[in-house]
Amino acid sequence: METPDGRLTAFGNQLIDVHIWLREQLAALREDVDAHLAGGALPRDLRAHCLTFCSALERHHTGEDGDAFPELARSFPELRPVLEELRRDHRLVEDSLRRLQALLDDPGRDRDPVRVRGELDTLAALMETHFVYEEKRIVAALDALDAPEWRRSRPGFLISGDT
């Protein structure tokens, strides 16, 4: 939560960092599936990696819905329509995550990499659109927000695997 020179990193910048990390995790999953589709072995840890990613994305969105968005709505009431749109996006992403998990959990489908890749593509498109919109619309408000409790204990939506 501090830069190398000791300054606190603004919450909006931390949000962007989490988005970058989530994008990287999804890109790694897609690369694994692409390698398999190109003739390589299906990575043994694909399911575990996917579950870890899905859990991190779910924690991020749950934290936004439960912590960040209510705080932003109180401090910046003009953002309420934007926050509702972002919540709707969360439900779409959640549906995609459920479909992906079902593909990975169903042994009868033999974890068909083409279907997994298709769902990963859908998820990537949803996430990218959502992240870009979110970054454009709420980062400045997060940077302006004073939430001392978030500085003492980082909320779930600002946690990545790197923190």
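Our subject is the structure listed above.
None of these values were measured; they are calculated from a predicted model.

A.B. asks: Can you help me understand the packing of aromatic side chains in this one?
C.D. replies: Geometrically, a pair of aromatic rings is defined through the distance of the ring centres and the angle of the planes. Scanning the entire structure with this criterion turns up two aromatic pairs. Seen from their ring centres, Trp150 and Phe157 are 5.2 Å apart, and the 75 degrees between their planes marks the pair as edge-to-face. Accessibility classification places Trp150 together with Phe157 in one group, the buried group. Of the aromatic side chains, those joined through ring pairs into one cluster are Phe11, Trp150 and Phe157.

A.B. asks: Would you explain helix α4 (residues 113-144) in this entry?
C.D. replies: Because each turn of an α-helix spans 3.6 residues, side chains separated by three or four positions in sequence point in the same direction. The first and last C-alpha atoms of α4 sit 44 Å apart over 32 residues, in line with the 46 Å expected at 1.5 Å per residue. The largest bend along α4 measures about 50 degrees and falls at Ile138.

A.B. asks: Where do I start with the nonpolar core in this structure?
C.D. replies: A general tendency of soluble globular proteins is for nonpolar side chains to be buried together. Membership of the largest hydrophobic core comes to 22 residues, with the highest contact counts inside it found for Leu22, Leu26, Phe53, Leu57, Leu100, Leu123 and Met127. Those elements that place two or more of their residues in this core are α1 (11-37), α2 (46-75), α3 (80-105) and α4. Among residues more than four places away in sequence, those in contact with Leu22 are Phe53, Ala56, Leu57, His60, Met127 and Phe131. Grouped together as the second largest cluster of nonpolar side chains are 20 residues, Leu15, Val139, Phe157 and Leu158 included.

A.B. asks: Can you help me understand the environment of Phe53 in this one?
C.D. replies: Its location among the elements puts Phe53 in helix α2. Look at Phe53 and you get buried, because its relative accessible area is 1%. Taking the C-alpha atoms as reference points, Phe53 and Leu29, separated by 24 residues in sequence, lie 8.8 Å from one another. Residues within four places of Phe53 in sequence aside, it is in contact with Leu22, Gln25, Leu26, Leu29, Leu97, Leu123 and Met127.

A.B. asks: What is the right way to look at α1 in this model?
C.D. replies: Taking 1.5 Å as the rise per residue, α1 with 27 residues should run 39 Å; its terminal C-alpha atoms sit 39 Å apart, in good agreement. Here α1 has its buried residues at Phe11, Gly12, Gln14, Leu15, Val18, His19, Trp21, Leu22, Leu26, Leu29 and Val33.

Cut-offs and rules
- Residues numbered from 1 in each chain as written.
- Predicted model: local features only at pLDDT ≥ 70, side-chain atom pairs only at ≥ 80, totals over all residues.
- Heavy atoms only, no water.
- Phe/Tyr/Trp six-rings, centres within 6.5 Å; stacked < 30°, edge-to-face > 60°.
- Buried < 20%, exposed > 50% of the residue type's maximum accessible area, 1.4 Å probe, protein only.
- Helix = DSSP H or I, 4+ residues; strand = E, 2+ residues; numbered from the N terminus.
- Expected span 1.5 Å × (residues − 1).
- Bend = angle between axes of the 7 residues up to and from the residue.
- Core = buried A, V, L, I, M, F, W, Y, C linked by side-chain atoms within 4.5 Å.
- Contact = heavy atoms within 4.5 Å.

That is the geometry; function is a separate question.
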